[in-house]
Amino acid sequence: MAVVPIRVLPNPILRQRSKRVRAIDGSIKKLIDNMLETMHAAPGAGLAAPQVGIPLRVIVIGIPEQEDIALINPQIVRRTGERVVNEGCLSIPGYVGEIKRAVSVTVKGRDQNGKEIRIKADELLAQALEHEIDHINGVLYIDHMESLDKLRKIEPDEKQL
Ligand SMILES: [Zn+2]
């Protein structure tokens, strides 16, 4: 495993639509291991493959006191409700912005063994899933803000995605 550099704006890879993973082989498992280690070192609560320079549809999530999640070709199949959250991104270091996210989401995808999984999530996990799935579509949280004037400096204890 290795910590890899996190790509930051204006790196164009962050604006690409990532490709679907066709075969879950050793290279994908190694990518997931590296992403998990990089996320924990950051420290972050989630990371998407394009953030480490690989334009594939792979995301990891690490919410404190919950088991880490790795998802391949994740897709949001249901969104309910709306709420205002503060959000930061490891690829936009130092800032946080207020945006709207769903109250809960249902996501399906595959795990590292190729098994189809479905996750129903709320709170930070739902927010992280929406954020990381945005990344693999080339979307950043600042795209959901009404104005970039509303970005503020991050506090030391705030997690980034
Ligand atoms: Zn991010």
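Model, not experiment: these values are computed from the prediction. Position numbers for residues start from 1 in each chain and track the written sequence from start to end. Whole-chain, interface and lining totals are the exception, using all residues; otherwise, since this is a predicted model, local features are given only for residues with pLDDT of at least 70 and side-chain atom pairs are given and counted only at 80 or more. The side-chain quantities take in all heavy atoms of the structure and omit both hydrogens and water.

Trainee: Outline the coordination of the zinc ion, supporting the account with residue identities and numerical values.
Mentor: The coordination sphere of the zinc ion, as far as protein atoms go, consists of Cys89 (SG), His131 (NE2), His135 (NE2) and Leu161 (O), spread over 2.0 to 2.4 Å. Between the four donor atoms coordinating the zinc ion, the angles at the centre fall across 95 to 144°, so the site counts as irregular. Here the donor residues for the zinc ion map to a single chain with the spacing C-x41-H-x3-H-x25-L. Pair noted here: Cys89 is in the loop between strand 4 (83-87) and strand 5 (95-101) and His131 is in helix 2 (residues 123-136), with a separation of 42 residues, a long-range link. Grouping residues by exposure puts Cys89 and His131 together as buried. Distances define the donors: N, O and S atoms within 2.8 Å of the metal qualify, as do those within 3.2 Å of Na, K or Ca. Water is excluded, so some sites may look unfinished. Here a site with four donors is tetrahedral if all angles are between 85 and 135 degrees, and a site with four or six donors is square planar or octahedral if opposite donors are over 155 degrees apart and the other angles are between 65 and 115; anything else gets the irregular label. Counting from the N terminus, the helices are DSSP H or I runs at least four residues long and the strands are E runs at least two residues long. Classification of residues uses two cut-offs on accessible area relative to the type maximum, computed with a 1.4 Å probe and protein chains only: under 20% is buried, over 50% is exposed, and between them is partly exposed.

Trainee: Any chance you could break down helix 2 for me, citing the residues and the numbers?
Mentor: To estimate the expected span of a helix, count its residues, drop one, and scale the result by 1.5 Å. Here helix 2 spans 21 Å end to end across 14 residues, near enough to the 20 Å set by a 1.5 Å rise per residue. Of all 14 residues that make up helix 2, 12 are buried, and the element is covered over most of its length.

Trainee: Give me the nonpolar core: which residues, what numbers.
Mentor: In terms of nonpolar packing, the biggest core is built from 19 residues, with Ile59, Ile61, Leu125 and Leu129 touching the most fellow members. Where this core is concerned, the elements lending two or more residues are strand 2 (58-61), strand 3 (69-80), strand 6 (104-110), strand 7 (116-122) and helix 2. Examining the composition of this core, we find that six residues originate from one element, helix 2, more than from any other. In this analysis, two residues are considered to be in contact whenever any of their non-hydrogen atoms come within 4.5 Å of each other. The residues contacting Ile61, other than those within four sequence positions of it, are Met39, Ala45, Gly46, Asp68, Ile69, Leu125, Ala128, Leu129 and Glu132. If you look at the next biggest cluster of nonpolar residues, it comprises 15 residues, including Ile28, Met35, Leu36 and Ile72. Only buried residues count toward a nonpolar core, which is a set of Ala, Val, Leu, Ile, Met, Phe, Trp, Tyr and Cys residues joined through side-chain atoms within 4.5 Å.

Trainee: Report on the sheet that holds strand 8 (residues 152-153), specifying residues and quantitative values.
Mentor: One bridge is not enough; two strands pair if DSSP finds at least two bridges between them. The three strands lie next to each other as 4-5-8, forming an open sheet whose pairing is antiparallel. What marks the edges here is a single partner per strand, and that holds for strand 4 and strand 8. Where strand 5 meets strand 8, two bridges bridge the pair, whose relative direction is antiparallel. From the neighbouring strand, Val96 faces strand 8, where its bridge partner is Arg152. For helices, the fitted line uses only the C-alpha atoms of the stretch in contact; every axis is such a line through C-alpha atoms, and the angle between N-to-C directions lies from 0 to 180 degrees. Its contacts with the sheet put helix 2 on strand 4 and strand 5, and the angle it makes with strand 4 is roughly 70°.

Trainee: Give me helix 1 (residues 26-41): which residues, what numbers.
Mentor: The end-to-end C-alpha distance of helix 1, which contains 16 residues, comes to 23 Å, matching closely the 22 Å that a straight helix rising 1.5 Å per residue would cover. All buried positions along helix 1 are accounted for by Ile28, Leu31, Ile32, Asn34, Met35, Leu36, Thr38 and Met39. Here the buried face of helix 1 lies against strand 1 (46-48), strand 2 and strand 3.

Trainee: Tell me about the pattern of salt bridges, and please be specific about residues and values.
Mentor: Each reported salt bridge corresponds to a side-chain nitrogen of Lys or Arg within 4 Å of a carboxyl oxygen of Asp or Glu. Evaluated as defined, the whole model comprises seven salt bridges. Residues Arg101 and Glu87 are paired through a salt bridge, measuring 2.6 Å at the closest nitrogen-oxygen approach. Here Arg101 is found in strand 5, whereas its partner Glu87 is found in strand 4, with 14 residues between them in sequence. Like Arg101, the residue Glu87 is buried in the burial classification. Several salt bridges converge on common partners, so that one network encompasses Glu87, Arg101 and Asp134.

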